[in-house]
Amino acid sequence: MLLNWTVMILYNYFNAMFVGPGYVPLGWTPEKSQDCMYLQYCKVCQSYKAPRSHHCRKCNRCVMKMDHHCPWINNCCGYQNHASFTLFLFLAPLGCIHASFIFVMTMYTQLYNRISFGWSSVKIDMSTAKRDPRTIIPFGLSAFAASLFALGLALGTTIAVGMLFIIQMKVILTNKTSIESWIEEKAKDRIQYYQTDETFIFPYDTGSKWKNFKQVFTWSGIPEGDGLDWPVREGCHRYSLTIEQLKQKADKRVRSVRYRAIEDYSGVCCPVTKGVKTFFTTPCTEEPRIALSKGDLILATRGLKHWMYGEKILNSAGDGGIRERGWFPRKCVEKCQYDSETDRPVDGEKKSR
């Protein structure tokens with residue numbers, strides 16, 4: 001049974017790694033040219049972003065139904081490998097639970113045969129078994145330490161990977177991805193911020209958990225659809241989600257605040273020279289850091305107490321300029337008194353989430 005767990009875990013692990021998430025074809029455009037107004041354009045892939053697709057900086061491609069980039073499989077989790085990745089998260093804790101049971105029973109039986117109960121003390125003799133000297137594998141002090149260490153790894157993997165499996169199942173049963181859950185949360189924040197009467201309904205949730213489940217898990221192993229065109233629930237526009245993304249992108253430009261660098265920053269994750277608080281409160285994220293030189297202009301879109309995230313303007317051509325995104329220490333910048341794009345004072349920073 002333990003070998004069976006191992007084979008199934010490795011099969012789904014390598015399947016998720018080598019099959020990949022599926023990528024939007026380079027140069028892709030929708031069938032109807034008028035639908036381009038509802039989609040974002042990717043300058044790297046030279047194509048429009050299909051519904052539910054996002055550009056991954058690590059893979060350098062637009063990924064179909066992207067959930068996240070997983071460093072453990074060195075690939076994205078998306079349309080084609082979502083089922084294999086989730087099965088791996090399901091089988092790994094089961095195999096670790098089985099292994100934990102074996103380790104616990106092994107240590108229990110071996111220690112039980114080596115314990116001497118006296119009137120005043122309890123002694124453990126790890127040199128030999130007193131009740132059953134015919135052991136298949138010698139169980140000494142080193143074997144006991146190795147079994148105890150392996151038990152800790154198995155229990156830790158069960159908890160960590162099991163929590164990831166629960167998170168993945170929650171998004172699958174609502175026919176969402178982790179990115180789309182965040183988009184939905186930002187949509188509610190945008191509507192509340194501007195106090196509009198509009199309501200955002202996630203368009204891909206069929207309303208049935210079983211139907212949502214079957215879109216990812218199929219008997220053939222091939223997910224439903226082609227990864228580019230997705231059915232939507234009744235009453236929703238075909239491009240409801242992409243329209244909301246365009247609104248959020250425009251809102252981010254409006255609510256961004258311009259800063260100017262007053263100190264140089266090398267772009268390291270944990271800068272020692274920027275203060276103790278900045279060093280210990282570095283953002284726990286895979287998002288990059290950007291190097292700053294004194295005088296650089298940055299459009300900040302969100303921030304923490306000691307860090308900020310924004311886009312460095314490398315070209316003064318305004319919106320057409322090239323921008324580099326990333327985190328930077330808050331103490332390295334100061335707010336510009338006037339926004340050069342609108343030629344008016346900046347009202348305030350974007351609200352931190």
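Just so it is clear, the model here is predicted, and its values are computed rather than measured.

Draft legend 1. How the structure looks around the overall build of the protein chain. A tally of helices and strands in the protein chain yields seven helices and 15 strands. A total of 353 residues make up the protein chain; the buried ones form 41% of that total. Pairs at least 24 apart in sequence give 61% of the contacts found in the protein chain among residues at least 6 apart. Entry remark: accessible area of the protein chain is about 20,900 Å², with carbon and sulfur atoms responsible for 60%.

Draft legend 2. Representation of a nonpolar patch on the surface within the structure. There is a patch of nonpolar side chains on the surface, built from Leu2, Phe101, Ile102, Val104, Met105, Tyr108 and Tyr112 and spanning about 660 Å² of accessible area. When residues in the nonpolar patch are grouped by element, the largest group, six residues, is from helix α2 (residues 82–112). Mapped onto the fold, Tyr108 is located in helix α2.

Draft legend 3. Highlighting unusual backbone geometry. In the Ramachandran plot, Asn74 falls in the positive-phi region, its phi being about 55° despite a non-glycine side chain. Along the chain, Asn74 falls in the loop between β5 (68–70) and β6 (75–77). Non-glycine residue Asn175 carries a positive phi angle of around 60°. Since its relative accessible area comes to 2%, Asn175 is described here as buried.

Draft legend 4. Looking closely at the pairing of strand β11 (residues 307–313). Burial analysis of β11 places seven of its seven residues in the buried class, the great majority of the element. Note: strand β10 (residues 297–303) against β11, five bridges, orientation antiparallel. Considered in β11, the bridge of Arg302 is made with Tyr309. Between β10 and β11, which pair antiparallel in sequence order, lie three residues.

Draft legend 5. Structural context of the nonpolar core. Counting 20 residues, the largest nonpolar core has Ile9, Ile73, Phe85, Leu89 and Ile172 as its most contacted members. When contributions to this core are tallied by element, the ones reaching two or more residues are α1 (2–19), α2 and α3 (141–173). With six residues, α2 is the single largest residue contributor to this core. Those residues in contact with Phe85 that sit more than four places away from it in its chain are Ala16, His68, Cys70, Ile73, Cys77 and Gln168. In this structure, Leu39, Cys45, Phe202 and Tyr239 belong to the second largest nonpolar core, which totals 19 residues.

Draft legend 6. Examining the environment of Gln215 more closely. Looking at the secondary structure, you find Gln215 in helix α5 (residues 209–216). The class for Gln215 is buried, based on a relative accessible area of 9%. Between the C-alpha atoms of Gln215 and Leu173, which are 42 residues apart in sequence, the distance is 9.6 Å. Not counting chain neighbours up to four residues away, the residues in contact with Gln215 comprise Asn175, Thr206, Pro223, Glu224, Trp230 and Pro231.

Draft legend 7. Examining the packing of aromatic side chains more closely. Evaluation of the coordinates by the stated rule reveals 14 aromatic pairs. Consider the rings of Phe90 and Phe165, whose centres lie 5.3 Å apart with planes at 40°: the pair is tilted. Of this pair, Phe90 sits in helix α2 while Phe165 sits in helix α3; the two residues are 75 residues apart in sequence, bridging distant segments of the chain. Since its relative accessible area comes to 36%, Phe90 is described here as partly exposed.

Draft legend 8. Fine view of helix α4 (residues 178–194). With 17 residues, α4 extends 25 Å between its outermost C-alpha atoms, agreeing within 8% with the 24 Å of an ideal straight helix rising 1.5 Å per residue. Every buried residue of α4 is listed here: Glu180, Ile183, Glu184, Ala187, Asp189, Arg190 and Ile191. Each element contacted by the buried residues of α4 is listed here: β3 (54–56) and α6 (240–255). After α4 finishes, the residue Gln195 shows a positive phi value of roughly 55°.

Draft legend 9. Structural context of the side chain of Gln40. Position of Gln40 relative to the elements: it lies in the loop between α1 and β1 (41–42). Overall, the relative accessible area of 13% leaves Gln40 in the buried class. Gln40 has contacts with Ser47, Tyr48, Lys49, Gln245, Leu246 and Lys249, leaving out every residue within four places of it along the chain.

Draft legend 10. Region of interest: the pattern of salt bridges. The final tally for this structure, using the stated rule, is 12 salt bridges. Residue Arg52 pairs with Glu180 through a salt bridge whose shortest N-O separation is 2.8 Å. One end of the pair, Arg52, is in the loop between β2 (47–48) and β3; the other, Glu180, is in helix α4, with 128 residues separating them in the sequence. Exposure class is identical for Arg52 and Glu180. Each is buried. Linking Arg255 and Asp251 is a salt bridge whose minimum nitrogen-to-oxygen distance equals 2.8 Å. Of this pair, Arg255 and Asp251 both sit in helix α6, four residues apart, which is roughly one turn of the helix.

The rules behind these values
- Within every chain, residues take consecutive numbers counted from 1 along the sequence as written.
- Per-residue local features of the predicted model are confined to residues with pLDDT of at least 70, and side-chain atom pairs are confined, for both listing and counting, to 80 or more; whole-chain, interface and lining totals are unaffected and use all residues.
- For side-chain calculations, the full set of non-hydrogen atoms in the structure is used, while hydrogens and water are omitted.
- Under the DSSP-based scheme used, a helix requires at least four consecutive residues in state H or I and a strand at least two consecutive residues in state E, with every element numbered from the N terminus.
- Only protein chains enter the area calculation, which uses a 1.4 Å probe; residues under 20% of their type maximum are buried, those over 50% are exposed, and those in between are partly exposed.
- Here, residues are in contact when the closest pair of their heavy atoms is within 4.5 Å.
- Per-residue and other accessible areas were derived by the Shrake-Rupley procedure at a 1.4 Å probe size, with only the shown protein chains allowed to occlude residues.
- Patch membership requires over 30% relative accessible area and the absence of a salt bridge. Like charges are linked within 9 Å, and nonpolar side chains (Val, Leu, Ile, Met, Phe, Trp, Tyr) within 5 Å.
- Each salt bridge in this description consists of a side-chain nitrogen of Lys or Arg and a carboxyl oxygen of Asp or Glu lying within 4 Å of one another.
- Note on pairing: DSSP must find at least two bridges between two strands before they are called paired.
- The definition of a nonpolar core used throughout is a set of buried Ala, Val, Leu, Ile, Met, Phe, Trp, Tyr and Cys residues joined through side-chain atoms within 4.5 Å.
- Centres within 6.5 Å are what make two rings of Phe, Tyr or Trp a pair, Trp counting through its six-membered ring; a difference in plane orientation under 30 degrees is then read as stacked, over 60 as edge-to-face, and the rest as tilted.
- A helix is expected to reach a length of 1.5 Å times the quantity of its residues less one.

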